[in-house]
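# Examining the three-dimensional arrangement
The chain contents come next:
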Amino acid sequence: MNRKIVVTRTFTYDVDEVKQSIRDINNDPELNVSDEEVWDLVYEWAYEDMRSPASRHDMTFTDDAGNPVLLS
């Protein structure tokens, strides 16, 4: 039987916080922020985060059926 381990690295971004960051960047607390602007900034952040050194705490280890794999 050929076992596999699937490793997923996950980052979570709060949409309201992203919108607030865009407002802060533009120095406009009342700025109406579009979904496209949120996606653009999240893409930039995710790209940067993916390039950062991996931490075991950022990753989820599962088998090819989606069951958790515990590595010691």
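For the structure itself, look to the data block above.
A few words now on the side chain of T62. When you line up the elements, T62 lands in strand β2 (residues 59-63). The residues contacting T62, other than those within four sequence positions of it, are K4, I5, V6, N67, P68 and V69.

To continue, consider the side chain of R9. Within the secondary structure, R9 is located in strand β1 (residues 5-9). Judged by its relative accessible area of 18%, R9 is buried. For R9, the side chain forms a polar contact with the main-chain oxygen of M50, separated by 3.2 Å. A distance of 3.1 Å separates a polar atom in the side chain of R9 from a polar atom in the side chain of S52. In this view, R9 contacts D49, M50, S52, P53, A54, D58 and M59; residues no more than four positions away in its chain are not counted.

How each quantity is defined
- Residues numbered from 1 in each chain as written.
- Predicted model: local features only at pLDDT ≥ 70, side-chain atom pairs only at ≥ 80, totals over all residues.
- Heavy atoms only, no water.
- Helix = DSSP H or I, 4+ residues; strand = E, 2+ residues; numbered from the N terminus.
- Contact = heavy atoms within 4.5 Å.
- Buried < 20%, exposed > 50% of the residue type's maximum accessible area, 1.4 Å probe, protein only.
- Polar contact = N/O pair within 3.5 Å; in protein donor to acceptor, adjacent residues only side chain to side chain.

No statement about biological role is implied by the geometric values presented.
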